[in-house]
Amino acid sequence: MSFGPCWASNPTRFNKAELLAQPRDAGVFLIDLCEEPILDKCELRGCLDGLLERVRALNPQHIILIKATVYDAAMWPLRQAGLPVVDEFIPFPGSGQQRRFEYGMGQALKQIGWKQRS
């Protein structure tokens, strides 16, 4: 599976909707581990049952986790539940982590066979 030229372009606030529509239209969904904002990363584990239920309802072919605390909390429970989670550590793309995010996401997408169109 591959994304069109918009995915390869530089994101701006003006093309954000178009950029986000492409993966959604290809069956890619961004969901939060917890449905409500939390302040303490220890609370993430309390959201796992809800996450498992929401993920199963989407019936994904692949799951990519973004953010260190999300990976730490959800990777093994998702795997133990038999869900197709990609084992790639991807930091949240903020606070100077953009390049590491791009690299990690690229590696995860390669693992699932996605290609970027030029």
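Placed above this text is the structure.
To start, this report covers the structure provided alongside it. (Residues numbered from 1 in each chain as written. Predicted model: local features only at pLDDT ≥ 70, side-chain atom pairs only at ≥ 80, totals over all residues. Heavy atoms only, no water.)

Summed over the entire model, instances satisfying the criterion amount to one disulfide. The disulfide partner of cysteine 34 is cysteine 47, and the gap between their sulfur atoms is 2.0 Å. Torsion about the S-S bond of the cysteine 34 and cysteine 47 cystine: about 105 degrees, corresponding to right-handed handedness. In this pair, cysteine 34 sits in the loop between α2 (16–25) and α3 (48–58) while cysteine 47 sits in the loop between α2 and α3, placing the two residues 13 residues apart along the sequence. (Disulfide = S-S within 2.5 Å. Helix = DSSP H or I, 4+ residues; strand = E, 2+ residues; numbered from the N terminus.)

What follows concerns the environment of methionine 105. Here methionine 105 lies in helix α5 (residues 98–111). On the basis of relative accessibility, which here comes to 15%, the residue methionine 105 falls in the buried class. It is 9.4 Å that separates the C-alpha atoms of methionine 105 and leucine 65, two residues lying 40 residues apart in sequence. Excluding residues within four positions of it along the chain, methionine 105 makes contact with Ile64, Ile66 and Ile90. (Buried < 20%, exposed > 50% of the residue type's maximum accessible area, 1.4 Å probe, protein only. Contact = heavy atoms within 4.5 Å.)

Okay, the side chain of glutamate 88 next. For glutamate 88, the location among the structural elements is in the loop between α4 (68–80) and α5. Arginine 100 provides the closest opposite charge to the buried, unpaired glutamate 88, separated from it by 9.1 Å. Those residues in contact with glutamate 88 that sit more than four places away from it in its chain are Leu65, Tyr71, Gly104, Gln107, Ala108 and Gln111. (Lys, Arg positive; Asp, Glu negative; His and termini not counted. Salt bridge = Lys/Arg side-chain N within 4 Å of Asp/Glu carboxyl O.)

The subject of this paragraph is the nonpolar core. The nonpolar side chains of a soluble globular protein tend to be buried with one another. By size, the foremost hydrophobic cluster in this structure holds 18 residues, and its most contacted members are Leu33, Leu51, Ile63, Leu65, Ala74 and Leu78. Broken down by secondary-structure element, the contributors of at least two residues to this core are α3 and α4. Considering each element in turn, this core owes the most residues, six residues, to α4. In contact with alanine 74, other than residues within four places in its own chain, are Leu33, Leu48, Leu51 and Leu65. Listed in part, the eight residues of the second largest apolar core include Phe101, Leu109, Ile112 and Trp114. (Core = buried A, V, L, I, M, F, W, Y, C linked by side-chain atoms within 4.5 Å.)

A cluster of like negative charges, contributed by Asp32, Glu35, Glu36, Asp49 and Glu53, occupies part of the molecular surface. With respect to the helices and strands, the residue aspartate 49 is situated in helix α3. (Patch = residues over 30% accessible without salt bridge, like charges linked within 9 Å, V, L, I, M, F, W, Y side chains within 5 Å. Areas by Shrake-Rupley, 256 points an atom, 1.4 Å probe, with all protein chains shown as cover. Charge placed at Lys NZ, Arg CZ, Asp CG, Glu CD.)

What follows concerns α4. For α4, spanning 13 residues, the distance from its first C-alpha to its last is 19 Å, which sits close to the expected 18 Å at 1.5 Å a residue. Along α4, the sharpest change in direction is near 40 degrees and occurs at alanine 74; proline proline 77 comes one to four residues later. Those residues of α4 that fall on the buried side of the exposure criterion are Val70, Tyr71, Ala73, Ala74, Met75 and Leu78. In the segment just after α4, glycine 82 is the residue with positive phi, at about 80 degrees. (Expected span 1.5 Å × (residues − 1). Bend = angle between axes of the 7 residues up to and from the residue.)

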